[in-house]
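Listed here are the chains, written in short residue letters.
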Amino acid sequence: MNKQIQQLTKSFANVDLDQIAQNIVNRLFSILLTIVIFFVILWAGKLIINYAFSHTKRFNMLGAHRMATFHTLTLNIYRYTCFFFLLYALLSLIGVPVGTLVASAGIFSIALGLGAQGFVSDMVNGFFILLEKQLDVGDVVVIGTVKGTVSGIGLRTTRVTSADGTLNYIPNRNITTVSNLSRSTWHASVDIPIGPNAPLDEIKKVIAAVNQKLITQGKFGKHPAPKIVGPVTIPATVSAKASLVYRVALTTTYDAEYQLTSDCLAAYLTALNNAHVSLD
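What counts, and at which threshold
- Residues numbered from 1 in each chain as written.
- Predicted model: local features only at pLDDT ≥ 70, side-chain atom pairs only at ≥ 80, totals over all residues.
- Heavy atoms only, no water.
- Helix = DSSP H or I, 4+ residues; strand = E, 2+ residues; numbered from the N terminus.
- Contact = heavy atoms within 4.5 Å.
- Areas by Shrake-Rupley, 256 points an atom, 1.4 Å probe, with all protein chains shown as cover.
- pLDDT = per-residue confidence, 0-100.
- Buried < 20%, exposed > 50% of the residue type's maximum accessible area, 1.4 Å probe, protein only.
- Core = buried A, V, L, I, M, F, W, Y, C linked by side-chain atoms within 4.5 Å.
- Expected span 1.5 Å × (residues − 1).
- Arc of directions from axis to C-beta.

Caption draft 1: Focus on the overall build of the chain. Helix and strand content of the chain: 8 helices and 8 strands. Contacts in the chain between residues at least 24 apart in sequence constitute 59% of all its contacts with a sequence separation of at least 6. Of the roughly 18500 Å² that the chain leaves accessible, carbon and sulfur atoms contribute 64%.

Caption draft 2: Examining the confidence of the model for the chain more closely. Chain-level statistics for the chain give a pLDDT mean of 81 and a share of 80% at 70 or above. The least confident element of the chain, judged by mean pLDDT, is helix 5 (residues 107–115) at 53; the most confident is strand 4 (residues 167–171) at 93.

Caption draft 3: Examining the side chain of Thr252 more closely. Relative to the assigned elements, Thr252 resides in strand 8 (residues 243–252). With a relative accessible area of 4%, Thr252 lands in the buried category. With sequence-adjacent residues up to four places away left out, Thr252 is seen in contact with Thr185, Trp186, His223, Glu257 and Leu260.

Caption draft 4: Summary view of the nonpolar core. Ile192, Ile203, Ile207, Leu250, Cys264, Tyr268 and Leu272 are the most contacted members of the largest nonpolar core, which totals 20 residues. Elements represented by at least two residues in this core include exactly strand 6 (186–193), helix 7 (200–216), strand 8 and helix 8 (257–274). Not counting residues within four places of it along the chain, the set of residues in contact with Leu250 comprises Trp186, His187, Ala188, Val190, Phe220, Pro226, Leu260, Thr261 and Cys264.

Caption draft 5: Molecular detail of helix 8. With 18 residues, helix 8 extends 26 Å from end C-alpha to end C-alpha; this agrees with the ideal 26 Å at 1.5 Å per step. By the burial criterion, the buried members of helix 8 are Glu257, Leu260, Thr261, Cys264, Tyr268, Ala271 and Leu272. For helix 8, the angular spread of the buried residues around the axis is 105°, confining them to a single face. Away from the buried face of helix 8 by more than 90 degrees, exposed residues Tyr258, Gln259, Asn273 and Asn274 are located. Against strand 6, helix 7 and strand 8 lie the buried residues of helix 8.

Caption draft 6: Seen up close, helix 7. Between its first and last C-alpha atoms helix 7 spans 24 Å; for 17 residues at 1.5 Å apiece the expected length is 24 Å, and the two agree. All buried positions along helix 7 are accounted for by Ile203, Val206, Ile207, Val210, Asn211 and Leu214. The buried residues of helix 7 occupy an angular sector of 140° when projected down its axis, which confines them to one face. More than 90 degrees from the buried face of helix 7, the exposed residues found are Asp201, Lys205, Lys213 and Thr216. Structurally, helix 7 contributes buried residues whose contacts are with strand 6, strand 7 (227–234), strand 8 and helix 8. Following helix 7 by one or two positions, Gly218 adopts a phi angle in the positive range, close to 75°.

Caption draft 7: Molecular detail of the environment of Val142. Locating Val142 in the fold gives a position in strand 1 (residues 140–143). Take Val142: its relative accessible area is 22%, and that puts it in the partly exposed class. A sequence separation of 35 residues divides Val142 from Thr177, and the C-alpha atoms of the two residues are 8.4 Å apart.

Here it is as structure tokens:
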């Protein structure tokens, strides 16, 4: 027993605590320096990418939404790449044989392969979403039960911001059906309540003059001019009786529908009031 205690005491006596402490300090300093360099590279890369997309005219040929899509995707790929190399460097500094772990075909590799199946599926599906131009940043879409504006497309997820500000992260592999509301024209109507004795000819004349003024101002952009439908009866519902309205049909985009119909209705009512046209 005494002999074993003496051997143990002798072993501790041979340990160079100063050297061990120095190695730990050097290792921690190397890790800290690596992390600092990583954040500097990450910051500089983002700065370069942002500058390239904002000052290179070649990207303007893609269109604003498409350019924003590739901008966010490039930033996403760059960030993933930087984090991968940071993880590799940190493991190497700690002393973990990363190359051996990656090259080995043991249980760890099998588990890693099974865990990466979802990630690969996300990447493949995301690639086809971009290739087929199913959606771009800024588009208003419906994906499953989520409706909102696409705020980012990444390697793994697509970010959709709902009307109430909720940011939804949707894995790309779960995107099976996309309803894009921003790709086609949207038909809306402006209904002006009128009575059975309203002067229809005067109303039509005033509305036609207002439409011409709005067209001159570029209010409808490249869309066709408003179409004056005329008096229309809105059927009765459970909570309301049938009503008579004077309808004007508009062609616009989904995201501009509410603002355009509101502006047109305000312009029509203002012009009718100024012309002293009775709607009763």
